Amino acid sequence: MSLPLDDLRVIEFGQLLAGPFCGQLLGDFGAEVIKVEDPGRGDPMREWGREKPHGKSLWWPVVARNKKSVTCDLRQPEGQALVRKLIDSADIVVENFRPGTLERWGMAPATLWEANPGLIVTRVTGYGQTGPYASRAGFGSIGEAMGGIRYVMGDPDRAPVRAGISLGDSLAATYATIGTLVAVHQRERTGRGQVVDSAIYEAVLAMMESLLPEWAVAGYQRERTGAVLPNVSPSNVYPTGDGDLILIAANQDSVFGRLATVMGQPELAQDARFATHGARGATMEELDVLIAEWTAKYAAEDLLSKLHEAGVPAGRIFRAKDMFADPHFQAREAIVTVPHPDFGEIPMQNATPRLSETPGAVRTAGPALGEHNDEIYGGLLGLDETERARLRQTKII
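Described below are features of the structure shown in this document. Quick caveat: nothing in here was measured; it's all calculated off a predicted structure. (Residues numbered from 1 in each chain as written. Predicted model: local features only at pLDDT ≥ 70, side-chain atom pairs only at ≥ 80, totals over all residues. Heavy atoms only, no water.)

Turning our attention to the overall build of the protein chain. Along the backbone of the protein chain there are 17 helices and 11 strands. Across its three principal axes, the protein chain shows a C-alpha extent of roughly 85 × 50 × 40 Å. Looking at the protein chain as a whole, 46% of its 397 residues are labelled buried. In the protein chain, the proportion of contacts linking residues at least 24 apart, taken out of those at least 6 apart, comes to 68%. Taken as a whole, the protein chain presents about 20100 Å² of accessible surface, with 54% of it coming from carbon and sulfur. Taking the average place of the 40 positive charges on the side chains of the protein chain and the average place of its 51 negative ones, the gap between the two points comes to 4 Å. (Helix = DSSP H or I, 4+ residues; strand = E, 2+ residues; numbered from the N terminus. Buried < 20%, exposed > 50% of the residue type's maximum accessible area, 1.4 Å probe, protein only. Contact = heavy atoms within 4.5 Å. Areas by Shrake-Rupley, 256 points an atom, 1.4 Å probe, with all protein chains shown as cover. Lys, Arg positive; Asp, Glu negative; His and termini not counted. Charge placed at Lys NZ, Arg CZ, Asp CG, Glu CD.)

Structure follows, in structure tokens:
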């Protein structure tokens, strides 16, 4: 199978999520991702996750999918020299160490460019490579707080909450991937690599819509609003007659008109209280009561059928078990299964976005620690078995 990035070799350093998720995204579209791990323990992500059947992480097979694992002690000069040989043949380095770590190991970008001028060095950190906070430890949760999203998440009468996923890390990795591919494109023009500097707090900030001009121009501070967005109505979760919850988003004027019609109350769309987007925003609570009284009369399936037929955006709030059972997920192969030595077949989300001619693919689950040492050190670098055995004996690999 030919994949769109299969002419790129990526050396992935770092651990946990911010850097490795960037590597996952590049690997999904065919890049050869060689993940360098500490010989003793490997990436702590191998042990992370809530559920651990067979004592194994269920997160690792996903974030390390499509990758090759080699071990190397980067704290030893011989280990640093070894990975520099790998880097000499690479297109991209991805790392999420604190700023200055690569430099201490003799792998500053300027040094790497001496042997490999086209190398792209993608660096994912909490605060970026420069500025007064650059040297601070920066986890994703701190970047979420600094970037503004934590303040606006949750109910107004309670402290800010977090999403149930590692949002900041994943956003920084996604922007790092975009920046890396932009740098690859620019390299086609100049032949030169560059540094891609993705900061978690800036990736979060980039998602914050009009937060900054609202404060600077209008003096408005966004606050926590719970399940709704201020002045966007109706767009909420509503009860059904069989105890389910349905999300309905009908805040556009024409869509609200369709909702009013299917409710059997077309006059609502002409009512001055609800006729415009601004009016509905001002009367959100009143309108939500009217809609909830109507939705509570119907079982969820009947209600959804009515709304879909009328062209009103609506749907259930999916859990994992709902995704496995849903025909749309199945038709689009949004969930795929890949072989795993411990779990047999393990399901995970498919590569996205979907390309019409050269889509990405999940080819392998996350590898065992050092699984590809012989392939990479022997095949790519040409080290014979005697040398590889010495490196194992001295715990370099």
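The subject of this paragraph is the environment of Gly311. Along the chain, Gly311 falls in the loop between α13 (300-309) and β9 (314-316). Under the relative-accessibility criterion, Gly311 is labelled partly exposed at 34%. Put simply, Gly311 and Arg189 are 122 residues apart on the chain and 47 Å apart in space, counted from C-alpha to C-alpha. Discounting residues that sit within four places of it in the chain, Gly311 has contacts with Val255 and Arg258.

Another aspect to go through is the packing of aromatic side chains. Counted under the stated rule, the structure contains five aromatic pairs. Judged by centre distance (5.7 Å) and plane angle (20 degrees), the ring pair of Phe318 and Phe329 falls under stacked. Linking Phe318 in the loop between β9 and α14 (320-325) with Phe329 in helix α15 (residues 327-331), this pair joins segments that are 11 residues apart in sequence. Taken together, Phe13, Phe97 and Trp105 form an aromatic cluster joined through their ring pairs. Lying over the aromatic face of Tyr133, Arg136 brings its terminal NZ or CZ to 3.8 Å of the ring centre. A cation sits over an aromatic face here: Arg224 above Tyr151, 5.0 Å from the ring centre. (Phe/Tyr/Trp six-rings, centres within 6.5 Å; stacked < 30°, edge-to-face > 60°. Lys NZ or Arg CZ within 6 Å of the ring centre and 35° of its normal.)

That bond from Ser233 to Pro234 is cis: its omega, -5 degrees, falls within 30 degrees of zero. Turning to its location among the elements, Pro234 is positioned in the loop between α9 (211-218) and β7 (235-239). Each neighbour pair has its own omega, and for Thr352 with Pro353 the value is 0 degrees, a cis peptide bond. Among the secondary structure elements, Pro353 is positioned in the loop between β11 (344-349) and α16 (373-380). The phi angle at Glu209 is positive, at roughly 55 degrees, despite the residue not being glycine. A positive phi is found at Glu333, a non-glycine position, where the angle reads about 55 degrees.

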